[in-house]
Amino acid sequence: MIGPITTITLNPAIDQTVTLENLTPGSVNVARAAHSHPGGKGVNVASCLADFGEPVLATGLLGRNNSEAFVELFEAKGITDRFVRVPGSTRVNIKLADLARGETTDVNLPGIRVAESALDALIDQFDYFTDAGRYVVAAGSLPEGLPADSYVHLVSRLNKLGARVLLDTSGAPLSAALAAPREALPAAIKPNRHELEQWAGQSLPTLAEVHAAARELQRRGVERVVVSLGEEGALFVDADDAILASLPAIDTVSTVGAGDALVAGLMSAWRAGADAETVARRGVAFAVAKLGRLGPHLPDAAEVARLAAQVNLARL
Ligand SMILES: Nc1ncnc2c1ncn2[C@@H]1O[C@H](COP(=O)(O)OP(=O)(O)OP(=O)(O)O)[C@@H](O)[C@H]1O
Ligand SMILES: O=P(O)(O)OC[C@@]1(O)O[C@H](CO)[C@@H](O)[C@@H]1O
């Protein structure tokens, strides 16, 4: 019996999405509407997984003062809430969704300043709910107050407990996580092209260069490297395969959380022991399905399966 997928969000956010016809920086923009969603990368992953009917446990660090929207989401979707409450209010991130261009501009805040002891309290929790073989997603930036190597400690502890960890972060926390000793490396990562370029220390304009960088990471001990490439799709690299999967978006309402939906889809297939093609199809189907929605939500499983069947696959 495999336990639920666990998601860890150390720096969640309430996403305030403002929808505009055509965003013009430096001038007065009249917006069409504004919507607020509890989010942050791991929360978005949990939300998409729950929509697909997967059992999910969500943890991380949540501001005590404004947790209501998160609690409502968890109750509505049947997500087990194991967030450690910390003093203060979870940040509000602004997302400007430009309908004409089909793209979103993100304005992200730093988040609550937390004490390092909050991370220790979270890591201590793992002993109680992380059984061997558990699939875990750790995703997003670090809140102020936590050192850049926080994910190294977290992944190391989870690895010792026998968990399979996918890490999706960026900048210094990602560099630190990838420089860790082999036993503290995540089993999987999901950088986007820019994040992979930061790690490689050079631009990666061609697919061949993205593939080479992903392969290098896989050789160093990260079993699965999934690079999200926006409208080009996603590249799935493991020891046996390199598959580029893509599907044209139908109607893009918001790109916020498309990467998180991709992670949710591939984790769901990975946990089920699916083959590499199924993992790639489900990941991209989740991402494209989410593009048509404002928050981190999916259509029903039949629609996701219909999209998965349409995903184009190319072996490199
Ligand atoms: N315009 C698009 N057309 C088709 N598919 C798209 C498009 N944008 C995103 N996708 C799909 O969504 C996935 C994730 O998008 P993207 O590469 O933008 O991730 P990301 O940069 O990690 O996003 P975020 O961190 O904002 O969630 C892609 O791998 C792709 O499958
Ligand atoms: O500051 P981070 O953690 O890198 O990113 C936070 C964030 O942009 O990521 C999600 C989309 O992926 C949003 O819900 C949230 O606002």
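None of these values were measured; they are calculated from a predicted model.

Q: I'd love a proper account of the overall build of the protein chain, names of residues and values included.
A: Along the protein chain, the regular secondary structure elements total 10 helices and 15 strands. Relative to the globule expectation of 20 Å for 316 residues, the C-alpha radius of gyration of the protein chain, 18 Å, shows essentially globular dimensions. Along the three orthogonal principal directions, the C-alpha set of the protein chain runs to about 50 × 50 × 40 Å. Across the protein chain, every contact between residues at least 6 apart in sequence was considered, and the portion connecting residues at least 24 apart equals 69%.

Q: Go over the pairing of strand E9 (residues 135-139), please, and point to the residues and values.
A: Most of E9 is tucked away: five of the five residues are buried. Judged by which residues are buried, E9 turns out to be covered on both faces: Tyr135, Val137 and Ala139 on one side and Val136 and Ala138 on the other are all buried. One ladder, built from three bridges, connects strand E1 (residues 5-9) with E9; its direction is parallel. Each residue of the ladder has a partner; that of Thr6, found in E9, is Val136. Two strands pair when backbone bridges link them, and E9 and strand E10 (residues 164-168) are joined in this way by five bridges, in the parallel orientation.

Q: Go over the site of ligand 1 with me, naming the residues and quoting the values.
A: Taken together, 20 residues are adjacent to ligand 1, and Asn192, Ser228, Glu231, Gly259 and Ala287 come closest. If you list the elements that add at least two residues to the shell around ligand 1, you get helix H8 (258-271) and helix H9 (276-291). Of the residues in the shell around ligand 1, the class split is 10 nonpolar, eight polar and two charged.

Q: Tell me what's going on with the site of ligand 2, and back it up with residues and numbers.
A: By nearness alone, 16 residues border ligand 2, and Ala13, Gly39, Asn93, Gly140 and Ser141 come closest of all. Elements with a contribution of two residues or more to the shell around ligand 2: strand E2 (13-20), helix H1 (41-51) and H8. For the shell around ligand 2, the class distribution of residues is two nonpolar, 10 polar and four charged.

Q: Could you give an account of the environment of Ser170, naming the residues involved and the relevant values?
A: As for its position among the elements, Ser170 is in the loop between E10 and helix H5 (171-178). With 15 C-beta atoms packed within 10 Å, Ser170 lands in the partly exposed category.

Q: Let's hear about the nonpolar core: which residues, and what values?
A: By size, the foremost hydrophobic cluster in this structure holds 90 residues, and its most contacted members are Val137, Ala138, Val155, Phe236, Met267, Val284 and Phe286. No other element matches the 10 residues that H9 contributes to this core. Setting aside its immediate chain neighbours within four residues, Val137 contacts Ile5, Thr7, Ile8, Gly42, Val45, Leu166, Asp168, Val263 and Met267.

Q: Can you break down the confidence of the model for the protein chain residue by residue, with the values?
A: Per-residue pLDDT for the protein chain has a mean of 95; in total, 99% of the residues score no lower than 70. This complex was scored by the predictor with a pTM of 0.96 and an ipTM of 0.97.

Q: Let's hear about the sheet that holds strand E8 (residues 103-107): which residues, and what values?
A: With mixed pairing, the four strands of this open sheet are ordered in space as E3-E2-E7-E8. Two strands in the sheet have a free side with no partner beyond their single neighbour: strand E3 (31-39) and E8. Strand after strand, the sheet turns through a mean of 20° between neighbouring axes, direction not considered. As defined by bridge partners, strand E7 (residues 91-98) adjoins E8 across five bridges and the pair is classed as antiparallel. From the neighbouring strand, Asp98 faces E8, where its bridge partner is Glu103.

Q: So what's going on with the pairing of strand E12 (residues 224-228)? Residues and values would help.
A: In terms of residue burial, E12 counts as a mostly covered element, since five of its five residues are buried. Burial along E12 is two-sided: Arg224, Val226 and Ser228 facing one way and Val225 and Val227 facing the other are all buried. Direction of pairing for strand E11 (residues 188-189) relative to E12: parallel, over a ladder of two bridges. Pairing of Ala188 across the sheet is with Arg224, part of E12.

Q: Could you give me a rundown of the packing of H1 against H8, with the residues and numbers involved?
A: Two numbers describe how H1 lies on H8: the axes approach to 8 Å, and their chain directions differ by 55°. The angle between the axes of H1 and H8 places the two elements in the oblique class. H1 and H8 meet at a crossing whose hand is right-handed. When H1 is examined against H8, the residues Lys41, Asn44, Val45, Cys48 and Leu49 are found in contact with a partner set consisting of Asp260, Ala261, Val263, Ala264, Met267 and Ser268. Tallied by class, residues from the contact of H1 with H8 come to seven nonpolar, two polar and two charged.

Q: Could you give me a rundown of H1, with the residues and numbers involved?
A: Here H1 lies mainly inside the structure; 11 of its 11 residues are buried. Those residues of H1 not exposed but buried are Lys41, Gly42, Val43, Asn44, Val45, Ala46, Ser47, Cys48, Leu49, Ala50 and Asp51. Positive backbone phi, approximately 90°, marks Gly53, located one or two places after H1.

Q: Give me the lowdown on the packing of H8 against H9, citing residues and values where you can.
A: Orientation of H8 relative to H9, taken along the N-to-C sense of each, is 145°, at an axis distance of 7 Å. For the crossing formed where H8 meets H9, the hand is right-handed. On the side of H8, the interface is formed by Ala258, Ala261, Leu262, Ala264, Gly265, Leu266, Ser268, Ala269 and Trp270, while H9 contributes Thr278, Val279, Arg282, Gly283, Val284, Ala285, Phe286, Ala287, Ala289, Lys290 and Leu291. Residue classes in the contact of H8 with H9 are distributed as 14 nonpolar, four polar and two charged.

Conventions used here
Residues numbered from 1 in each chain as written. Chains lettered and ligands numbered in written order. Predicted model: local features only at pLDDT ≥ 70, side-chain atom pairs only at ≥ 80, totals over all residues. Helix = DSSP H or I, 4+ residues; strand = E, 2+ residues; numbered from the N terminus. Rg over C-alpha atoms; globule rule 2.2 N^0.38 Å. Contact = placed C-beta atoms within 7 Å. Buried ≥ 20, exposed ≤ 12 C-beta atoms within 10 Å, placed from the backbone. Pairing = 2+ DSSP bridges. Near = placed C-beta within 6 Å. Nonpolar A, V, L, I, M, F, W, Y, C, P; charged D, E, K, R; others polar. Core = buried A, V, L, I, M, F, W, Y, C linked by C-beta atoms within 7 Å. pLDDT = per-residue confidence, 0-100. Axes fitted to C-alpha atoms, helices over the stretch in contact; angles between N-to-C directions. Parallel < 35°, antiparallel > 145°, perpendicular 65-115°, else oblique. Left-handed = near helix turned anticlockwise from the far one by under 90°.

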